[in-house]
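# A closer look at the structure
Letter by letter, the chains look like this.
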Amino acid sequence: IKRRLQVPVMADVSSLEDAQKAIQAGADAIATTLSGYTEASAHLVSLGPDFALIEAIARISPVPVIAEGRIATPDSFRRALAAGAHAVVVGTAITNPREITRQFLA
């Protein structure tokens, strides 16, 4: 697909197996976006960021690993980088007013 599109391709994955397949398919970057959001990984959603997956992918990946998913604090940002992430996406924690308000109320 990448060659046909002639653009860089980032693969969103939920597991190390997904990442291995994405690497074999020629992905230019791997993001942990789907960890916790698939049937096989749903049990992880309440545990916060999937640092173990970030680290496992970073060990085998010849392309940049993008940490994404439940990164909500400066500490989790730093931990993602320490786990081997090339970059970190912070989404809902700074872009969703309802979630931010819920955290303050809690």
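The coordinates are above.
Here we summarise the structure given alongside this text. None of the values given here were measured: they were computed from a predicted structure.

Now for the pattern of salt bridges. Tallied over the full model, the rule gives one salt bridge. For Glu17, the salt bridge identified is with Lys21, shortest N-O distance 3.2 Å. With Glu17 and Lys21 both in helix 2 (residues 16-25) and four residues apart, the pair spans about one turn of that helix. What makes Glu17 partly exposed here is its relative accessible area of 48%. With relative accessibility at 49%, the residue Lys21 sits in the partly exposed group.

Core analysis: the largest hydrophobic core is formed by 18 residues, its most contacted members being Val13, Ile30, Ile54, Ile57 and Ala80. Here the element with the most residues in this core is helix 3 (residues 51-60); it accounts for four residues. Here Ile54 is in contact with Thr32, Val65, Ala67, Ala80, Ala83 and Ala85, once residues within four sequence places are set aside.

The grouping of Leu34, Tyr37 and Val45 at the surface amounts to a nonpolar patch, some 260 Å² of accessible area in total. Among the secondary structure elements, Tyr37 is positioned in the loop between strand 2 (29-31) and helix 3.

When strand 2 meets strand 3 (residues 65-68), the two strands line up parallel, connected through two bridges. Looking across to strand 3, one finds that Ala31 is bridged to Ile66. Remark: the strand 2/helix 3/strand 3 crossover connection has right-handed handedness. Each parallel crossover has a hand, and for strand 3 linked through helix 4 (residues 74-82) to strand 4 (residues 87-89) it is right-handed.

Okay, the sheet that holds strand 2 next. Strand order in the open sheet made by the four strands is 1-2-3-4, with parallel pairing throughout. Unpaired on one side and paired on the other, strand 1 (10-12) and strand 4 mark the two borders of the sheet. Going across the sheet, the axis of each strand differs from the next one's by a mean of 25°, ignoring polarity.

By the element assignment, Asp50 lies in the loop between strand 2 and helix 3. Look at Asp50: it is buried, it has no salt bridge, and the nearest opposite charge is Arg70 at 5.3 Å. For Asp50, the side chain forms a polar contact with the side chain of Ser35, separated by 2.6 Å. Sequence-distant contacts of Asp50, that is, excluding residues within four places in its chain, are made with Ser35, Leu44 and Arg70.

Okay, empty space enclosed by the protein next. In total, this model carries one cavity of 30 Å³ or more according to the counting rule given. As for the largest cavity, its lining consists of Thr32, Ser35, Pro49, Asp50, Ile54, Ala67, Glu68, Gly69, Arg70 and Ile71. Of the residues belonging to the lining of the largest cavity, the class tally is four nonpolar, three polar and three charged.

The rules we used
Residues numbered from 1 in each chain as written. Predicted model: local features only at pLDDT ≥ 70, side-chain atom pairs only at ≥ 80, totals over all residues. Heavy atoms only, no water. Salt bridge = Lys/Arg side-chain N within 4 Å of Asp/Glu carboxyl O. Helix = DSSP H or I, 4+ residues; strand = E, 2+ residues; numbered from the N terminus. Buried < 20%, exposed > 50% of the residue type's maximum accessible area, 1.4 Å probe, protein only. Core = buried A, V, L, I, M, F, W, Y, C linked by side-chain atoms within 4.5 Å. Contact = heavy atoms within 4.5 Å. Patch = residues over 30% accessible without salt bridge, like charges linked within 9 Å, V, L, I, M, F, W, Y side chains within 5 Å. Areas by Shrake-Rupley, 256 points an atom, 1.4 Å probe, with all protein chains shown as cover. Pairing = 2+ DSSP bridges. Right-handed = clockwise from strand over helix to strand, strands pointing away. Axes fitted to C-alpha atoms, helices over the stretch in contact; angles between N-to-C directions. Lys, Arg positive; Asp, Glu negative; His and termini not counted. Polar contact = N/O pair within 3.5 Å; in protein donor to acceptor, adjacent residues only side chain to side chain. 1 Å grid on protein atoms, 1.4 Å probe; cavity = no way out; pocket = protein on both sides within 12 Å on 5 of 7 lines; lining within 4 Å. Points joined across faces, edges and corners; volume = space filled by probe spheres on them. Nonpolar A, V, L, I, M, F, W, Y, C, P; charged D, E, K, R; others polar.

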